[in-house]
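# An overview of the molecular structure
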Amino acid sequence: MIKECDVAKDMLPSFLQKADVVSEASRETCVALSDCLNLFTKQEGVRNFKLEQEQEKNKILSEALETLATEHHELERSLVEGSPPVSILSEEEFYDALSGSESEGSLTCLEAVTAHSFEENEVPVSSGKHRMSEGKDCGGGDALSNGIKKHRTSLPSPMFSRNDFSIWSILRKCIGMELSKITMPVIFNEPLSFLQRLTEYMEHTYLIHKASSLSDPVERMQCVAAFAVSAVASQWERTGKPFNPLLGETYELVRDDLGFRLISEQVSHHPPISAFHAEGLNNDFIFHGSIYPKLKFWGKSVEAEPKGTITLELLDHNEAYTWTNPTCCVHNIIVGKLWIEQYGNVEIINHKTGDKCVLNFKPCGLFGKELHKVEGYIQDKSKKKLCALYGKWTECLYSVDPATFDAYKKNDKKNTEEKKNSKQTSSSEESDEMPVPDSESVFIIPGSVLLWRIAPRPPNSAQMYNFTSFAMVLNEVDKEMESVIPKTDCRLRPDIRAMENGEIDLASEEKKRLEEKQRAARKNRSKSEEDWKTRWFHQGPNPYSGAQDWIYSGSYWDRNYFNLPDIY
């Protein structure tokens, strides 16, 4: 035992020496790792600091640009008119900026889709008027054996690429200029007048026919609500700005296959108002209204509240429904990808039964969970819930029992709060970038009934201004039609026709010529103290809501088009 202890004693210095070596190596390794970690932390800190600096610079630049645009406009108006500046541009001031450019027509929610909210600074261009039968084929459809016209499925020419153009590249050269004098290229338009774009309300006319055929007033209200939602569905991904209608411009559309005919007219320039009147070919409905947009320009976005009453009359049931469209906001009008948001309450009233449908078009929110969503209830005059509606204005609308819907919403709210608590965000400020919703499709609650689903767009839609199949035919014309329609019809506008044919330079020249011609006509009227007189509509109270409206005067379809203004 003593011998073994002696051996261990002799070996102890060797072990201690080796332990010291290992310890030193470990220490050096730890020091090296610590140095690397410190270096990484410093580099990461530098990167984060630079990133924060860039974000702060972008935020300051964006706010400065917005403030500059607003203050410049306010100061300019206060100098010219002696009016005190205000905190933001009101809708009336925004219209004044537009009228300063002498552009006729309206800038509405649909026109603001491209968010190019400044009109052209026109110069006179000597260019003759072109009839539609000249030049390229205008896309008139062929007749089928059953007598129903076969409509075109594409435009004469695909759209030009906008990748080489940007709003910012134009605006940055115009800092200090009068806002109304900023010239926006016609490349940002789409080859439709707003009167034609307005006609896209009628794409899902089958919902009106279905409502007329139903005996249950709640089921009729469901169809009317679905029709109201479908009316804004065509705006999805439509980033082209319709042409402003000229004062006195008209548009007609007869669709035997869909069972309706429509007439619309640009009845006012300041404020810009478009009036329309549609009727069923079987005398089962009348659909009419006028759009008077109230605009607010926020620097980075344009918000458009489409004032004006929309009325649907179901003649077989002696019922009338009235409502207004939701507010539309177009984001990223200066830089970034344009995207559209619809929000606000839409209240549909059945003036015969007292039933009401209140639909809430939800704002997208911070994480985009509510993007495109629509929810609401149908209730009787005592406010008892009769039915729940839900869906997305870009996709579909369902109905379900209100108790089932409320239970689902309660459970969904609980899950949403749990998700929010688990998420860590770097900033509480909302971004202008388009949010990505949690799901592109709607979760179908058990027991739901489908009321409406959007029709798929044609395969070539992306090359055709993201037009729907319905929109694709709105500007088609043939020689037979050209001999019937009045000379004020949108189809005869040479600037729109040139753009549809892919002749961008000609479209720009023609647009400037038409606006210069209309400016001269307005000056001549002011000299002679002559007031503009509308042809097919007159001002008056809505017979059901009592609100100020434009009412169809009749006789358009008599085809007696005498003394029409020469606007083209």
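Labelled according to an unreviewed UniProt entry, the chain appears under the name Oxysterol-binding protein, originating from Mus caroli.

Secondary structure assignment for the chain yields 11 helices and 20 strands. For the chain, buried positions account for 49% of its 568 residues. Long-range pairs, those at least 24 residues apart, make up 65% of the contacts in the chain with a sequence separation of at least 6. When the accessible surface of the chain is split by element, carbon and sulfur atoms take 54% of a total near 27900 Å².

On to the nonpolar core. Counting residues in each nonpolar core, the largest one holds 67 residues, and the members touching the most others are Phe 287, Trp 323, Ile 348, Leu 359 and Leu 389. Grouped together as the second largest cluster of nonpolar side chains are 12 residues, Ile 263, Val 267, Phe 537 and Trp 550 included.

This next bit is on unusual backbone geometry. Cis peptide bonds are those with omega within 30 degrees of zero, and the linkage from His 270 to Pro 271 qualifies with 5 degrees. Here Pro 271 shows up in the loop between β6 (260-268) and β7 (273-280). Even without glycine at this site, Ser 555 takes up a positive phi of about 75 degrees. Within the secondary structure, Ser 555 sits in the segment after β20 (548-552). Residue Ser 555 is classed as partly exposed on the basis of its relative accessible area, which comes to 45%. Here the phi dihedral of Arg 559 falls at roughly 65 degrees; this positive angle occurs in a residue that is not glycine.

A few words on the environment of Glu 303. As for its placement among the helices and strands, Glu 303 is situated in strand β9 (residues 301-307). Overall, Glu 303 belongs to the partly exposed group, its relative accessible area being 22%. Through-space distance from the C-alpha of Glu 303 to that of Val 330 is 6.5 Å; in sequence the pair is 27 residues apart.

Among the five residues that make up strand β12 (residues 327-331), five are buried, leaving the element largely enclosed by the rest of the structure. Side chains Thr 327, Cys 329 and His 331 project from β12 onto one buried face, and the interleaved Cys 328 and Val 330 project onto a second face that is buried too. Sheet analysis places β9 next to β12, joined by four bridges and oriented antiparallel. Across the sheet, Ser 301 pairs through a bridge with His 331, a residue of β12. Taken together, the five bridges between β12 and strand β13 (residues 339-350) define a ladder with antiparallel strand orientation. By the bridge assignment for β13, Cys 328 is matched with Gln 342.

Mapped onto the elements of the fold, Ser 193 is located in strand β3 (residues 189-193). On the accessibility criterion, Ser 193 (0% relative accessible area) is buried. For Ser 193, the side chain forms a polar contact with the side chain of Glu 249, separated by 2.7 Å. When near neighbours in sequence (up to four residues on either side) are disregarded, Ser 193 contacts Pro 242, Phe 243, Pro 245, Glu 249, Cys 490 and Ile 496.

Before going further, it helps to examine the side chain of Thr 199. Checked against the element boundaries, Thr 199 lands in the loop between α4 (194-198) and α5 (206-213). Look at Thr 199 and you get buried, because its relative accessible area is 1%. Thr 199 has contacts with Tyr 251, Leu 253, Leu 262, Phe 470 and Leu 474, leaving out every residue within four places of it along the chain.

Time to look at the packing of aromatic side chains. Summed over the entire model, instances satisfying the criterion amount to 15 aromatic pairs. The interplanar angle of 35 degrees and the centroid separation of 5.7 Å between the aromatic rings of Tyr 465 and Phe 467 together place this pair among those described as tilted. Judged by its relative accessible area of 4%, Tyr 465 falls in the buried class. Put simply, the rings of Tyr 201, Phe 227, Phe 276, Phe 287 and Trp 323 touch in pairs and so form one group of aromatic residues. When the ring centre of Tyr 377 is taken as origin, the NZ or CZ atom of Lys 385, which lies over that ring, is 3.9 Å away. The ring of Phe 562 has Arg 535 sitting right over it, with the charged end atom 4.4 Å from the ring centre.

Here the focus is the UniProt feature "coiled-coil region" (unreviewed entry) in the chain. Taken from the UniProt record, the annotation "coiled-coil region" (unreviewed entry) applies to residues 51-78 and 497-531. This span, residues 497-531, is 83% helix and 0% strand, and a straight line between its end C-alpha atoms measures 30 Å.

Moving on to the packing of α5 against helix α6 (residues 217-230). With their axes 8 Å apart at the nearest point, α5 and α6 run at an angle of 170 degrees to one another. Classified by the angle between their axes, α5 and α6 sit roughly antiparallel to one another. Residues Leu 207, Ile 208, Lys 210 and Ala 211 of α5 touch α6, and the partners they reach there are Arg 220, Cys 223, Val 224, Ala 226, Phe 227 and Ser 230. Across the contact of α5 with α6, the residue classes tally to seven nonpolar, one polar and two charged.

What follows is about the pairing of strand β15 (residues 373-379). Counting buried positions along β15 gives seven out of seven residues, so the element sits mostly inside the fold. The alternating pattern of β15 places Lys 373, Glu 375, Tyr 377 and Gln 379 on one face and Val 374, Gly 376 and Ile 378 on the opposite face, and all of these are buried. The pairing of strand β14 (residues 356-361) with β15 spans six bridges and is antiparallel. Note that in β15 the partner of Val 358 across the bridge is Tyr 377. Inspection of the sheet shows β15 paired to strand β16 (residues 385-392) by seven bridges, in the antiparallel sense. Bridged to Glu 375 within β16 is Tyr 390. Hairpin connection, β15 to β16: the antiparallel pair is bridged by five residues, and Lys 383 has positive phi, about 70 degrees.

It is worth spelling out the confidence of the model for the chain at this point. A low pLDDT score tells you not to read the predicted coordinates there in detail. Counting all residues, the mean pLDDT for the chain is 77, and 63% of those residues have values of 70 or more. Mean pLDDT in the chain bottoms out at helix α2 (residues 91-100), which sits at 37, and peaks at α5, which reaches 98. Note that residues 75-135 has pLDDT below 50 and, in this model, 180 contacts with residues that lie over four places away or in other chains. Low pLDDT, under 50, characterises residues 177-181; the stretch is placed with 13 contacts to residues that sit more than four places away or in other chains.

Rules used throughout
Residues numbered from 1 in each chain as written. Predicted model: local features only at pLDDT ≥ 70, side-chain atom pairs only at ≥ 80, totals over all residues. Heavy atoms only, no water. Helix = DSSP H or I, 4+ residues; strand = E, 2+ residues; numbered from the N terminus. Buried < 20%, exposed > 50% of the residue type's maximum accessible area, 1.4 Å probe, protein only. Contact = heavy atoms within 4.5 Å. Areas by Shrake-Rupley, 256 points an atom, 1.4 Å probe, with all protein chains shown as cover. Core = buried A, V, L, I, M, F, W, Y, C linked by side-chain atoms within 4.5 Å. Pairing = 2+ DSSP bridges. Polar contact = N/O pair within 3.5 Å; in protein donor to acceptor, adjacent residues only side chain to side chain. Phe/Tyr/Trp six-rings, centres within 6.5 Å; stacked < 30°, edge-to-face > 60°. Lys NZ or Arg CZ within 6 Å of the ring centre and 35° of its normal. UniProt positions renumbered as here; feature names shortened; annotations may be inferred. Axes fitted to C-alpha atoms, helices over the stretch in contact; angles between N-to-C directions. Parallel < 35°, antiparallel > 145°, perpendicular 65-115°, else oblique. Nonpolar A, V, L, I, M, F, W, Y, C, P; charged D, E, K, R; others polar. pLDDT = per-residue confidence, 0-100.

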